[in-house]
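Observations on the model geometry
Single-letter residue listing:
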Amino acid sequence: MAAPGENLRINGDRLWDSLMEMAKIGPGVAGGNNRQTLTDEDAEGRTLFEKWCEEAGCTMGLDTMGNMFARREGTDPEALPVYVGSHLDTQPTGGKYDGVLGVLGGLEIVRSLNDMNIKTKHPIVVTNWTNEEGTRFAPAMLASGVFAGVHTQDWAYGREDAEGKRFGAELERIGWKGDEEVGARKMHAMFELHIEQGPILEAEGKDIGVVTHGQGLSWTQVTVTGKDSHTGSTPMPMRKNAGLGMARILELVDQIAWSHKPDAVGAAGHIDVYPNSRNVIPGKVVFTVDFRSPDLSVIEDMEKRLREGASQICADMGLDVAFEKTGGFDPVEFDKDCVAAVRNAAERLGYSHRDLISGAGHDACWINQVAPTAMVMCPCVDGLSHNEAEEISKEWATAGTDVLFHAVIETAGIVE
Ligand code: HGY
Ligand code: MN
Ligand code: MN
């Protein structure tokens, strides 16, 4: 397929305006967003995205997991589409660009093709994947995981949030449950643009990350059970302090991750303490240990040492402990041809670039199991993400979307 001309560029001002417009929906308290999946704010963001897609001449498909598919026709209706997208849901204290840049960058490609009246052989489908974040309903990348056949829809529908609300019921409630069978769509390829969410590109002064791999992820939910009792009148030797047990386990998690430096990481971001009262020794603590590494054997070692070490800590303290694997995926190697299309696009457009392993998980990590997939990354300020202060520049957003544009239309094939 002929490579698109160097002069084909997207409209960075229009992209930035759309990012700022979407950011008004589900505002945070410190300049970011709280547009969690299947909330009324998520529904509002979906409605705006659907309006923009229809204004751009797309037809919208919706599957039974709420995944949205805005299709721009190609000249060959039988050709499998090139998909391009990410997610509109955010963390509770999320930024304006995590996920959103990849969805609205896909829309900007369609808008730019319309402006230039360019036709492609393969249709192009801009996608919003439901519940990428996995905050309200674990695990992360839930709907792209069902699409890829990793999870069953029934299991996904039964996932509960902290208030006991179920995914399936909430999807119905917000009115975004479609009829399409999830996973029935076949793809020619899928591309996802995402902010790096780490410090490398900015520190090295690179415009573009050519994502060759994604590191693997493991979520283990740990439940430590002791005995609620009075913080004042219970003698120290009599205590069964689940909170202290958790503290010692989290120290172990940190040591395990450091033992596999420089690549492995480990922490717990979700912690529930019961009864969480100032003058009651915690009788139960539930927390999720998040381990990641590009090397599967390292992930397996960290999981094993967590279970062994935490069991010993709790035995020594007279506490009970239980483990549940609540999420995870093996390290990912993206499709070499799609990665080459990204790298060639950056070269052609004159953007500085470097190969990168994604530190965060993305929908592309699951879709890579069912279609040739690759990712484009742009820098973010101080590498900060999952924080309302997440920031990028218009230039970075434009460069990333230009590269996405060229990779997508080179793969979809321009029809002269
Ligand atoms: O957890 C992740 O890596 C992604 O941000 N959901
Ligand atoms: Mn994301
Ligand atoms: Mn995220």
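Residues numbered from 1 in each chain as written. Chains lettered and ligands numbered in written order. Predicted model: local features only at pLDDT ≥ 70, side-chain atom pairs only at ≥ 80, totals over all residues. Heavy atoms only, no water.

As named in an unreviewed UniProt entry, the chain is N-carbamoyl-L-amino-acid hydrolase, taken from Primorskyibacter sedentarius.

As a further point, take helix 1 (residues 12-23). Relative to the 16 Å expected for 12 residues at 1.5 Å per residue, helix 1 spans 16 Å between its end C-alpha atoms, a close match to the ideal helical length. Residues of helix 1 that are buried in the fold lie against helix 2 (40-55), helix 3 (100-115) and helix 12 (394-412). Its side-chain oxygen placed 3.1 Å from the backbone nitrogen of Asp13, Asn11 serves as the N-cap of helix 1. (Helix = DSSP H or I, 4+ residues; strand = E, 2+ residues; numbered from the N terminus. Expected span 1.5 Å × (residues − 1). Contact = heavy atoms within 4.5 Å. Polar contact = N/O pair within 3.5 Å; in protein donor to acceptor, adjacent residues only side chain to side chain.)

Taken together, His87 (NE2), Asp98 (OD) and His194 (NE2) make up the protein donors of the manganese ion (ligand 2), found 2.1 to 2.3 Å from the metal. The sequence pattern describing where the donors of the manganese ion (ligand 2) fall on their chain is H-x10-D-x95-H. A separation of 3.4 Å is found between the manganese ion (ligand 2) and the manganese ion (ligand 3), which share Asp98 as a coordinating residue. On the criterion of sequence distance, the pair formed by Asp98 in the loop between strand 3 (82-86) and helix 3 and His194 in strand 6 (residues 189-195) is long-range, its members being 96 residues apart. Relative accessible area serves as the criterion here: at 4%, Asp98 is assigned to the buried category. Using a relative accessible area of 1% as the deciding quantity, one classes His194 as buried. (Donors = N, O, S within 2.8 Å, 3.2 Å for Na, K, Ca; no water. Buried < 20%, exposed > 50% of the residue type's maximum accessible area, 1.4 Å probe, protein only.)

Turning to the environment of Gly102, a few remarks are in order. By the secondary structure assignment, Gly102 is in helix 3. Given the relative accessible area of 1%, Gly102 is considered buried. Residues Gly102 and Phe191 lie 89 residues apart in sequence; the distance between their C-alpha atoms is 9.0 Å. Gly102 has contacts with Gly85, Ser86 and Leu193, leaving out every residue within four places of it along the chain.

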